[in-house]
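# Geometric and topological summary
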Amino acid sequence: ETAESRFAGWTDIPLSEQGRAQSQAAGHLLEDVPVDVVFTSDLLRSWETAELALSAAGKRGVPLFTAPAIRERDYGDLTGVPRDDAIQRFTEAQVRRWRRGFHERPPAVTALRAARARVRPYHLVAQIAGESMEDLRRRTAPFLFQDVMERIAKGETVWIFGHGNGNRTVLA
């Protein structure tokens, strides 16, 4: 969610001032942690987080790659909608099931909603309905457990700047 408690999902928005400050603070905490390669999602806020954290950690020049597989969860028709509006429209219990349940998908996004929420057009082709947490895990896990683990097995230290929902699905 955004600072305004909107479902950000695949909306390609920059970090809020709070997000920028948190990214820099995280970088300071990582100053003594080595890094050989960094991955971000293909959303601006993920890349921006990585850039700010790397700079604050004094780790300039580290290879940074975009990994679309770790893009935030697609919230479908909830994308860009304030959480309170979604609760009013669908009930708190239903919104909770979509947010934290594993199998339920949010409703399908409409072209008009996608345009208003600044969702990249190619995403409309990729998804008919929003993603469940199960769908998200299925999308992110191969990258994390194959591509990243290959680098770790070679002795590289990998930093990943993804999104909260993706992190939850692979760490749970």
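Above: the structure in question.
A brief report on the enclosed structure follows. (Residues numbered from 1 in each chain as written. Predicted model: local features only at pLDDT ≥ 70, side-chain atom pairs only at ≥ 80, totals over all residues. Heavy atoms only, no water.)

## Here we look at helix 2 (residues 44-57)
- Relative to the 20 Å expected for 14 residues at 1.5 Å per residue, helix 2 spans 20 Å between its end C-alpha atoms, a close match to the ideal helical length.
- Most of helix 2 sits out of view: 10 of its 14 residues are buried.
- Among the residues making up helix 2, those that are buried are Arg45, Ser46, Glu48, Thr49, Ala50, Leu52, Ala53, Leu54, Ala56 and Ala57.
- For helix 2, the secondary structure elements touched by its buried residues are helix 1 (17-29), strand 1 (37-40), strand 2 (64-66) and strand 3 (158-161).
- At the exit of helix 2 stands glycine 58, carrying a positive phi of roughly 75 degrees. (Helix = DSSP H or I, 4+ residues; strand = E, 2+ residues; numbered from the N terminus. Expected span 1.5 Å × (residues − 1). Buried < 20%, exposed > 50% of the residue type's maximum accessible area, 1.4 Å probe, protein only. Contact = heavy atoms within 4.5 Å.)

## Thoughts on the environment of arginine 60
- Note that arginine 60 resides in the loop between helix 2 and strand 2.
- With a relative accessible area of 66%, arginine 60 lands in the exposed category.
- When neighbours within four sequence positions are excluded, arginine 60 is seen to be in contact with Leu54 and Ser55.
- Of note is the side chain of arginine 60, whose polar atom sits 3.2 Å from the side chain of serine 55. (Polar contact = N/O pair within 3.5 Å; in protein donor to acceptor, adjacent residues only side chain to side chain.)

## Some remarks on the packing of helix 1 against helix 2
- For the pair helix 1 and helix 2, the least separation of the axes is 7 Å and the interaxial angle reads 40 degrees. In terms of orientation, helix 1 lies oblique with respect to helix 2. Where helix 1 crosses over helix 2, the handedness of that crossing is right-handed. Packed against helix 1, whose contacting residues are Arg20, Ser23, Gln24, Gly27 and His28, the element helix 2 presents Glu48, Thr49, Leu52, Ala53, Ala56 and Ala57 at the interface. (Axes fitted to C-alpha atoms, helices over the stretch in contact; angles between N-to-C directions. Parallel < 35°, antiparallel > 145°, perpendicular 65-115°, else oblique. Left-handed = near helix turned anticlockwise from the far one by under 90°.)

## Re the side chain of aspartate 42
- Looking at the element boundaries, aspartate 42 is found in the loop between strand 1 and helix 2.
- Engagement of the side chain of aspartate 42 in a polar contact is seen with the side chain of arginine 71, the distance being 2.9 Å.

## Some remarks on the pattern of salt bridges
- In the structure shown here, the tally under the stated rule is 10 salt bridges.
- Between arginine 96 and glutamate 92 there is a salt bridge, with the nearest N and O atoms lying 3.8 Å from each other. Placement of both arginine 96 and glutamate 92 in helix 4 (residues 92-100) is noted, with a separation of four residues, approximately one turn of the helix.
- Residue glutamate 92 is classed as partly exposed on the basis of its relative accessible area of 49%. (Salt bridge = Lys/Arg side-chain N within 4 Å of Asp/Glu carboxyl O.)

The quantities given are spatial measurements derived from coordinates; they are silent on function.
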